[in-house]
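Given next are the chains, with one letter for each unit.
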Amino acid sequence: MTASLFTPYKLNDTLTLSNKILMAPLTRCMADDDLVPTQKMVDYYARRAEAGLIISEATIIRPDGQGYPNTPGLFTPAQINGWQKVTDAVHQNGGKIFAQLWHTGRVAHSHFFGGGDVLSSSAQAVEGTVPRMRELVYQTPKAASLDEIKQLVVDYAQAAKNAIDAGFDGVEIHGANGYLIDQFLHHDNNRREDEYGQTPENMSRFALEVVDAVVARIGADRTALRLSPAAYFNMAADPRDRAVFDYLLPEVAKRNLAFLHGGIFDDSMQFDYLGGSISAYMRSIYTGTLVGVGSYTAETGSAAINDNKFDLLAIGRPFIANPDYVAKVRDGAELTTYADTMLTELF
Ligand code: FNR
Ligand code: 8K6
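Everything numeric here is computed off the predicted structure, so don't read it as measured data. (Residues numbered from 1 in each chain as written. Chains lettered and ligands numbered in written order. Predicted model: local features only at pLDDT ≥ 70, side-chain atom pairs only at ≥ 80, totals over all residues. Heavy atoms only, no water.)

1. Let's talk about helix 1 (residues 39-46)
The complete set of buried residues in helix 1 reads M41, V42, Y44, Y45 and A46. Contacts made by the buried residues of helix 1 are with strand 3 (21-23), strand 4 (53-60), helix 2 (77-92), strand 5 (97-102) and helix 9 (317-321). (Buried < 20%, exposed > 50% of the residue type's maximum accessible area, 1.4 Å probe, protein only. Helix = DSSP H or I, 4+ residues; strand = E, 2+ residues; numbered from the N terminus. Contact = heavy atoms within 4.5 Å.)

This is the structure we're talking about:
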C-alpha cells in the first residue's frame, strides 16, 4: 500500500532521493544559547537519515529573524561548524539534508537580539504574545525600507552559501506560515504602496528576489521553496491573496527549483478562494516537483502520490514520535502516536 513511497526520485541532475519520504522542517528550540546545534541535535538528525531528504528545522539567517528561544542560526562560524557535524552524521548514515532558511519578520521579538526594530513588509503587528514566553507581547514592526529589503536579500543568499559550506545538500527557503516572506504575499500584512505592494507582481517581488539571489549563489538544483497560499497561521485570509499566488507560482516554476513545498498542518482543509486544498491549488498551476504535507499517513500520502496529487510526501509530527519512521513504514511495523509532550525532549 505504501510501495510508491519507496522508489527513488530524481529531483534534477544534481540530486536523486532514495525514497519519496521527506522529513518536514520541525522547530525544536534546542540549540544552545549561541544558536549553535548541539550533539543531541546531531544524534536526532542522524537517527532520521533514512528519509529520502531531511529538511532541517527552520534556521535563522540573521539575529533579527529570531522569534522563539534557542532556534538555530546559520550566520556565525560556530553555527556553521555545529551544522557541519549534523550534515556529516546524516551523510555517514546515507541520508541527505537541506537547511530551511528562516526570518520570522514581525513574529520576531527584540528580546532575542538585544533590542531594536522588528522588520516586516508593513507596520502591522501580529496579535498576541510569543509562545512559551507569554510575557513577551509582539511589537509593532517597522516597514522595511528599500535598503533594508536589499540587505535582507543579500543575507538570505549568504545564509544559503553558509549552508553549503556547512555541508547541506541544499536549502529550502521558508516562504510559508506567516513569516517574513509570507508577510509580503498576503494583503493582511502587506499594505505597502511602493514596488513591493498592492499588485500581485509587486507583492511577489521580495520572494522572487530572495529566490533569485539564492539560486545565483548556490544553484537552482539545490534551492527549494516553501509557500502557504492560504493564510492560516499568524495571518488573516483575504480572497485577493489568490491573485498573488496565481502570479507567483508560474514565476517560481520558471526558476526550475529542486521542489516546491506546501506549508499547512492539515491538507484536507479546503479554502474557498483557492478552490480546494492548498496541494490541489498548487498542483493546478505549478508544473515542477511538488511536496505534499499536512496530517498525512504513509498510506494516505502514498495514495495521493499514486493519484498524481503531488510527487513527494513530507512527514512532520510522526517523525518526531518515530525516529525510525521510514523503516517502520517499510516493514509495516506499528507507529508510535505523536503527542505534544514529546516536544520537550530530542530523541
Ligand atoms: C512545525 N512546522 C514547521 N514548518 C516549517 O516550515 N518550519 C518549521 O520550523 C516548522 N516547525 C514545526 C514545529 C512543530 C513542533 C510542528 C508540529 C510543526 C510545520 C511542519 O513542517 C508540517 O507542515 C506540519 O507539522 C504538518 O505535517 P504533519 O505533522 O501533519 O506530518
Ligand atoms: C515554537 C515553535 C514554533 C514553530 C511552529 C510550531 C507549531 C506547533 C504546532 C501546532 C500549531 C498549530 C498551528 C495552527 C494551525 C491552524 C489550523 C487552523
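2. Re the site of ligand 2
Around ligand 2, the surrounding shell consists of T27, C29, Y68, R132, F233, F265 and M269. Across the complex, the protein chains shield 60% of the 550 Å² of accessible surface that ligand 2 would expose by itself. Split into classes, the residues belonging to the shell around ligand 2 amount to five nonpolar, one polar and one charged. (Near = heavy atom within 4 Å. Areas by Shrake-Rupley, 256 points an atom, 1.4 Å probe, with all protein chains shown as cover. Nonpolar A, V, L, I, M, F, W, Y, C, P; charged D, E, K, R; others polar.)

3. Re the site of ligand 1
As a matter of local geometry, ligand 1 sits amid 19 residues, with P25, T27, R226, S295 and R317 nearest to it. The contact in question runs from an oxygen atom of ligand 1 to an N or O atom on the backbone of I264, over 3.2 Å. In the environment of ligand 1, an oxygen atom lies 2.7 Å from a nitrogen or oxygen atom belonging to the backbone of R317. For ligand 1, whose free accessible area comes to 600 Å², the fraction covered by protein is 91%. Taken together, the residues of the shell around ligand 1 break down into ten nonpolar, seven polar and two charged. (Polar contact = N/O pair within 3.5 Å; in protein donor to acceptor, adjacent residues only side chain to side chain.)

Coordinates in, geometry out; function isn't part of it.
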